[in-house]
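Architecture and fold: a report
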Amino acid sequence: MSDIKTSLTQPLASTYARRGPLGLRSRTARVFLVLLIAATTVTLQLCWPIASQNSTKPSSDALKFDWFALEPSKSIIWTDCYDRDKCARLLLPLDYAAPDGPTTAIALRMVPATDKENHRGPLLINPGGPGGSGTNLVARSGRKISRIVGGSFDVLGFDPRGTGASTPSASCFDTASQRALWRLQDDARLLNVSDDTVRLELARQTTTGKRCEQKIGGDWGIGRFMSTPDVARDMLEISQMLGQEKLQYWGFSYGSVLGQYFSAIYPDKVGRVIIDGVYDAHNYRAALWNTNLLDMEAVIDSFFHFCHQAGREKCSVYGSSPDKIRARFFTLLESLEVAPVPIARASPPLIITRKVLQALIFHAAYNPLQAFGLVADTMLALERGNATALVELAPKIVDPTECKCKLPEPTLTENEAVFAIACGDGDSNPYDPADYEAFYKSLAEDSSLGAPLWAHIHLECSQWKIRAKARYTGPIEAANTSHPLLVVSPRWDPVCPLSDAKRVQARYGGSALLVQNSYGHCSLSAPSLCTAKHIQAYMVNGTLPSPGTVCEVDELPFVGSVQDVRALSAEDSELLETLKGLTAEVPMLGAR
């Protein structure tokens, strides 16, 4: 990682707003911290935005539109929605082998193209997951994505079958409160093969698996019809119904797996396919999940380096060397393991454990620009024993379970889709104590901090018994596609390493690899004008970057801008602001 650190010597600019009363740098930052900590109790979550993970509060425009009042149809019939967008519910076969059988209603939301004269059709987007809501992504960032790819594209998000506002829903619980109460029983300890935490987690996943068999299993249960090949076929149907013979697609995180499947199954239907933050679909289908953490420690280590580089004014735990900041962090972790910090005056009371802090930096690695400052401020509050700050934060940290009389916006409703897709797609991998111990230790060699927060994936899938009916077992590669793929990867991605992107790029003839010299998950985790311009050139003209192309970024964690933004053209300045807005939209593959 020294090559990136030593090259970034431009004048530094502030990245954070004025501190609030708790020492946290902004309201957004405080909310982000709350949700990161709350995520420590969540099972396998491959969702899109960190900031929306535990929120079921409808957005302001969500109150104006009722998805379930929209009549589904076997053709796409657009309805005006949310003031400026178009919405539809499309009926597709639950099982493509039985076209006259039961159906699924797929929710679609589109930001129409602004450049009608050069209209290039729909760009389908997938926010990752599995199970992320594409319609919700369009709600938050559809116009930002349009700004990057160009106004000649319709930006179309869809909720994959079983998820979001698509029906039937892959929910294994009767109510959101029931699910939340189940999660409250999660162990406060980190997963470890040397104690009884594995046995407890295995029992929990056995319970979830059996419950889901009852709720979404069976011959025509939605759990059997949510496979990645099913969704790939859905994308082709949607695209062709809209007059686009070949798919135009940008997929993030798990969305990269979906892009690999589509391009392998339908190589002659590739129009433009971008896969960003790439997980090797071979590893995914084999249900291994064992290459993901190769660069996690490098990303976490960048926290200490950027904090030191930025200086005392920009990093609240600044030290005279990265090693000294690192030592403070690990000392704090060890102290929490011995003596968790109680916050008795909070309502409800809260105990900050090692798991809370370790999960905080693990999740922050997905999105360093948004979250590294939060890690620093949390460290400082704990080091100083700032009880007032901790009490004020506690009600948000615990994300208290409460009865909700109103149903949430459908696109924000949680369910168990992630299991049905990720585990249903994968090879059968029953639990074996010796094999699991070897798996855990291998993960720990890559990332000692990440392994306890990643190793649950194996246990979850080992207890998932619903098998996808349309599971794809053919080659996930293509010597030729009708247009080459664009593979995009950060240099240091915490859960989708560059080595995965390189392997995938080699399997698709003519494809190109664009590397962004950044830390975080997917290219969106750091704004880069260079990356954005390559993506637009690919989408509009089909132009691929030259072999070996590496894009630098325009902003760094703690440090801030790496160039004088006043020297940018008005167009570049506007694009950069758009990219900065998208850094909040980082997927959370495998996060727990």
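Residues numbered from 1 in each chain as written. Predicted model: local features only at pLDDT ≥ 70, side-chain atom pairs only at ≥ 80, totals over all residues. Heavy atoms only, no water.

1. Here's the deal with the environment of Ser133
Of note, Ser133 is situated in the loop between strand S5 (121–126) and helix H3 (134–149). We classify Ser133 as buried; its relative accessible area is 11%. Sequence-wise, Ser133 and Thr163 are 30 residues apart; in three dimensions their C-alpha atoms are separated by 6.7 Å. For Ser133, the residues in contact, after removing those within four places along its chain, are Pro127, Phe158, Asp159 and Thr411. A polar contact is formed between the side chain of Ser133 and the side chain of Thr135, at a distance of 3.1 Å. (Helix = DSSP H or I, 4+ residues; strand = E, 2+ residues; numbered from the N terminus. Buried < 20%, exposed > 50% of the residue type's maximum accessible area, 1.4 Å probe, protein only. Contact = heavy atoms within 4.5 Å. Polar contact = N/O pair within 3.5 Å; in protein donor to acceptor, adjacent residues only side chain to side chain.)

2. Quick look at the state of the cysteines
With the rule as written, the count across this model stands at five disulfides. In this model, Cys530 is linked to Cys551 through a disulfide, with the two sulfur atoms separated by 2.0 Å. Every disulfide takes its handedness from the sign of the S-S torsion; for Cys530 and Cys551 that torsion is -60 degrees, giving left-handed. With Cys530 in helix H19 (residues 529–541) and Cys551 in strand S13 (residues 550–551), this residue pair connects regions lying 21 residues apart in the sequence. (Disulfide = S-S within 2.5 Å.)

3. Here's the deal with the environment of Ser227
Looking at where Ser227 falls in the secondary structure, it is placed in the loop between helix H5 (197–216) and helix H6 (228–241). Along the sequence, Ser227 and Pro130 sit 97 residues apart, while their C-alpha atoms lie 9.8 Å from each other. Those residues in contact with Ser227 that lie beyond four places of it in its chain are Asp425, Ala468 and Ala470.

4. Structural notes on the nonpolar core
Residues Phe303 and Trp454 are the most contacted members of the largest nonpolar core, which totals 134 residues. At ten residues, the largest contribution of residues to this core is made by helix H12 (residues 368–384). (Core = buried A, V, L, I, M, F, W, Y, C linked by side-chain atoms within 4.5 Å.)

5. So, the packing of H6 against helix H7 (residues 254–265)
Contact geometry of H6 with H7 gives a least axis separation of 9 Å together with a crossing angle of 70 degrees. It follows that H6 is roughly perpendicular to H7 by the angle criterion. Residue-level contacts link Thr228, Pro229, Val231, Ala232, Met235 and Leu236 of H6 to Tyr254, Leu258, Tyr261, Phe262 and Ile265 of H7. Across the contact of H6 with H7, the residue classes break down as ten nonpolar, one polar and no charged. (Axes fitted to C-alpha atoms, helices over the stretch in contact; angles between N-to-C directions. Parallel < 35°, antiparallel > 145°, perpendicular 65-115°, else oblique. Nonpolar A, V, L, I, M, F, W, Y, C, P; charged D, E, K, R; others polar.)

6. Describing the packing of helix H9 (residues 296–310) against helix H10 (residues 322–338)
Interaxial distance between H9 and H10 falls to 8 Å at its minimum, and their mutual angle equals 125 degrees. Judged by the inter-axis angle, H9 sits oblique to H10. For H9 against H10, the interelement crossing comes out right-handed. Across the interface between the two elements, Asp301, Phe303, Phe304, His305, Cys307 and His308 from H9 touch Pro322, Ile325, Arg326 and Phe329 from H10. Class assignment for the residues of the contact of H9 with H10 results in six nonpolar, two polar and two charged. (Left-handed = near helix turned anticlockwise from the far one by under 90°.)

7. Some details on the sheet that holds strand S12 (residues 512–519)
Across the sheet, ten strands lie side by side as S2-S3-S4-S6-S5-S7-S8-S11-S12-S13; this open sheet has mixed pairing. Where the open sheet ends on each side, the last strands, each with one partner, are strand S2 (79–81) and S13. Across three bridges, the pairing between strand S8 (residues 270–276) and strand S11 (residues 486–492) is parallel. Residue pairing in the sheet places Ile274 in a bridge with Leu486 of S11. Helix-sheet contacts for H6 involve strand S3 (85–93), strand S4 (103–111), S5, strand S6 (153–158) and strand S7 (247–252), and the interaxial angle to S3 is about 125 degrees. (Pairing = 2+ DSSP bridges.)

8. Brief notes about unusual backbone geometry
Each neighbour pair has its own omega, and for Gly129 with Pro130 the value is 5 degrees, a cis peptide bond. Tracing the backbone through its elements, the reader meets Pro130 in the loop between S5 and H3. Following Thr167, the chain continues into Pro168 via a peptide bond in cis, with omega recorded as -5 degrees. The phi dihedral of Asp83 is positive, around 75 degrees, even though this residue is not glycine.

9. Some words on the pattern of salt bridges
Scanning the model with the defined rule gives 30 salt bridges in all. In this structure, Asp174 and Arg211 form a salt bridge, with 3.8 Å as the shortest nitrogen-oxygen distance. You can see Asp174 sitting in the loop between S6 and helix H4 (176–183) and its partner Arg211 sitting in helix H5, a full 37 residues away along the chain. Taking relative accessible area as the criterion, Arg211 reaches 24% and is therefore assigned partly exposed. Residues Lys441 and Glu437 are paired through a salt bridge, measuring 2.8 Å at the closest nitrogen-oxygen approach. Here the residue Lys441 and the residue Glu437 both occupy positions in helix H15 (residues 433–446), the gap between them amounting to four residues, near one helical turn. For Lys441, a relative accessible area of 44% gives the class partly exposed. Among the charged side chains, a salt-bridge network with shared partners connects Asp280, Asp500, Arg503 and Arg507. (Salt bridge = Lys/Arg side-chain N within 4 Å of Asp/Glu carboxyl O.)

10. Digging into helix H20 (residues 570–582)
Helix length check: H20, at 13 residues, gives a terminal C-alpha distance of 19 Å against a target of 18 Å (1.5 Å per residue), a fit within 8%. Listed in full, the buried residues belonging to H20 are Asp572, Leu575, Leu576, Thr578, Leu579 and Leu582. The buried residues of H20 occupy an angular sector of 160 degrees when the element is viewed end-on, so they sit on one face. Those residues of H20 that are buried lie in contact with H3 and H19. (Expected span 1.5 Å × (residues − 1). Arc of directions from axis to C-beta.)

11. A closer look at the pairing of S8
In terms of burial, S8 is largely enclosed, as seven of its seven residues are buried. Two elements, S7 and S8, share six bridges in a ladder whose sense is parallel. Each bridged residue has a counterpart across the sheet, and for Gly251 the counterpart in S8 is Ile275. Considered for its hand, the β-α-β crossover made up of S7, H7 and S8 is right-handed. (Right-handed = clockwise from strand over helix to strand, strands pointing away.)

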